[in-house]
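Working through the structure, step by step
If you want the building blocks of each chain, they are given just below.
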Amino acid sequence: MDKLDLTRAWLALLGLSVLSTVAAAAISAGFDARVAGVIVMALALMKARLILSQYLGLADAPSWRRGFNAALIVFVLIALGLYLIPSP
């Protein structure tokens, strides 16, 4: 992993964080909180996959990366399911 790849990954993480902030802030402007929550969770999944691939070196270990990606997707789907359950 060279320094340029890490810099690109860092910039991508920065951009995804800005998008997450915008989506969360849009709720106070009247945007549907459920849609914003789904967007934030999807962006968090993308950030986690990027961190695992670039910073932890799983890009060089495809089978481990697939396993971690599967676990992350299951976790995010469970979290989204719990988030989207209507409250009484």
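This section reports on the structure supplied with the text. Everything numeric in this text was worked out from a predicted model, so none of it was measured. (Residues numbered from 1 in each chain as written. Predicted model: local features only at pLDDT ≥ 70, side-chain atom pairs only at ≥ 80, totals over all residues. Heavy atoms only, no water.)

Quick word on the pattern of salt bridges
Where charged atoms from two side chains of opposite charge approach closely, those side chains can pair. The test is simple: Within this document, salt bridges are pairs made up of a side-chain nitrogen of Lys or Arg and a carboxyl oxygen of Asp or Glu, the two lying within 4 Å of each other. Here a strand is any run of E in DSSP of at least two residues, a helix any run of H or I of at least four, and the numbering for each starts at the N terminus.
According to the stated counting rule, one finds one salt bridge in the structure shown. A salt bridge links Asp-5 to Arg-8; the nearest nitrogen and oxygen atoms lie 3.9 Å apart. Of this pair, Asp-5 and Arg-8 both sit in helix 1 (residues 3-25), three residues apart, which is roughly one turn of that helix.

A word on a nonpolar patch on the surface
What counts is decided by this rule: Patch rule: a residue counts if its relative accessible area is over 30% and it has no salt bridge; like charges are joined within 9 Å, and nonpolar side chains (Val, Leu, Ile, Met, Phe, Trp, Tyr) within 5 Å. All accessible-area figures derive from a Shrake-Rupley calculation using a 1.4 Å probe, and residue coverage is judged against the displayed protein chains alone.
Taken together, the side chains of Trp-10, Leu-11, Leu-14, Val-18, Val-22, Ile-51, Tyr-55 and Leu-56 define a hydrophobic patch exposed on the protein surface, amounting to about 780 Å² of accessible area. Elements represented by at least two residues in the nonpolar patch include exactly helix 1 and helix 2 (33-55). It is helix 1 that contributes the most residues to the nonpolar patch, five residues altogether. Among the structural elements, Leu-14 can be located in helix 1.

Some thoughts on the side chain of Ser-20
Cut-off, in case you're wondering: The contact criterion used throughout is that any non-hydrogen atoms of two residues lie within 4.5 Å.
When you line up the elements, Ser-20 lands in helix 1. Leave out the neighbours within four places in its chain, and Ser-20 touches Val-40 and Leu-43.

Looking at helix 2
Selection rule: Every helix has an expected span of 1.5 Å times one less than the residues it contains.
For helix 2, built from 23 residues, the straight-helix expectation of 33 Å at 1.5 Å per residue is met to within 8% by its first-to-last C-alpha distance of 31 Å. Buried-residue contacts for helix 2 involve helix 1 and helix 3 (62-84). Once helix 2 ends, the next one or two residues include Gly-57, with phi positive near 80°.

Interpretation note: all reported values are geometric properties and have no functional meaning in isolation.
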